[in-house]
Amino acid sequence: DSVYEGYQSPFSERYASPAMQGLFSQAHRARLFRRLWHILAQSERELGLNITQEQVEELGLHTEDVDFEVIAGYEKQLRHDVMAHLKTYAALCPKAAPIIHLGATSCYVTDNADVLIMRDALSLIRQRLAGVARALANQADKHKALPVLAFTHFQPAQPTTLGKRLCLYLQ
């Protein structure tokens, strides 16, 4: 497993799932850059710009081929992250090189990639929260009549049921 395939921080290593680490990885973000450039070229071709189908297809063939050593070399030379990715992609797509990023700003790939990552991360969280909600609802139903002592301000209070307390957690 490459260092680029997972997001790395003390928190992610301890608490994030492999799926979430993958979404925030450098490799996933770089592949999104390339998919966005491919989509840009397709759209510009459809709008009538001088872009050939061959150029669009060449871009599509290399969206997954990411070489971080080459990117690091370009970034050291250019001191620009997006240009380093662009030059690396262009080297794999010589016919499409002149039209990659045509009319776009760096924010086209960085902002859109980040939004896609956040969308997918929130979808993953939503799925997991739905699972937690189902488990709490099942336990609340199972224990709806089990009496327990309620607490307020860390003090024992009136009787309630475990089912009600689980519903409060669910809420």
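Keep in mind that what you see is a predicted model, and the values were worked out from it rather than measured.

Another aspect to go through is the overall build of the protein chain. When you go through the protein chain residue by residue, the secondary structure sums to eight helices and two strands. The secondary structure elements of the protein chain, listed N-terminal to C-terminal, are α-α-α-α-α-α-α-β-β-α. The principal-axis extents of the C-alpha atoms in the protein chain amount to approximately 75 × 35 × 25 Å. The 171 residues of the protein chain split such that 32% are buried. Considering only intrachain contacts with a sequence separation of at least 6, the fraction spanning at least 24 residues in the protein chain is 57%. About 11,200 Å² of surface is accessible on the protein chain, with carbon and sulfur atoms providing 58% of the total. Across the protein chain, the centroid of the 18 positively charged side chains sits 12 Å from that of the 18 negatively charged ones.

This part takes up the side chain of E44. Tracing the backbone shows E44 in helix 3 (residues 26–46). Despite its burial, E44 pairs with no opposite charge; the closest candidate is R45, at 11 Å N-O. Sequence-distant contacts of E44, defined by excluding residues within four places in its chain, comprise L49, I51, I99 and L102.

Let's shift gears to the environment of D141. Residue placement: D141 occurs in helix 7 (residues 106–142). Along the chain, D141 and G163 lie 22 residues apart, while their C-alpha atoms are 6.2 Å from each other. A distance of 3.3 Å separates polar atoms of two side chains, one belonging to D141 and the other to K144.

Further remarks concern the nonpolar core. One finds W37, L59, Y89, I99, I100, Y108 and V109 to be the most contacted residues of the largest nonpolar core, which totals 21 residues. For this core, the secondary-structure elements that each account for two or more residues are helix 3, helix 4 (53–61), helix 6 (81–92) and helix 7. Take this core: its biggest share by element is six residues, from helix 3. One finds A30, F68, I71 and A84 within the second-largest nonpolar core, a separate group that totals six residues.

What counts, and where the lines are drawn
- Residues numbered from 1 in each chain as written.
- Predicted model: local features only at pLDDT ≥ 70, side-chain atom pairs only at ≥ 80, totals over all residues.
- Heavy atoms only, no water.
- Helix = DSSP H or I, 4+ residues; strand = E, 2+ residues; numbered from the N terminus.
- Buried < 20%, exposed > 50% of the residue type's maximum accessible area, 1.4 Å probe, protein only.
- Contact = heavy atoms within 4.5 Å.
- Areas by Shrake-Rupley, 256 points an atom, 1.4 Å probe, with all protein chains shown as cover.
- Lys, Arg positive; Asp, Glu negative; His and termini not counted.
- Charge placed at Lys NZ, Arg CZ, Asp CG, Glu CD.
- Salt bridge = Lys/Arg side-chain N within 4 Å of Asp/Glu carboxyl O.
- Polar contact = N/O pair within 3.5 Å; in protein donor to acceptor, adjacent residues only side chain to side chain.
- Core = buried A, V, L, I, M, F, W, Y, C linked by side-chain atoms within 4.5 Å.

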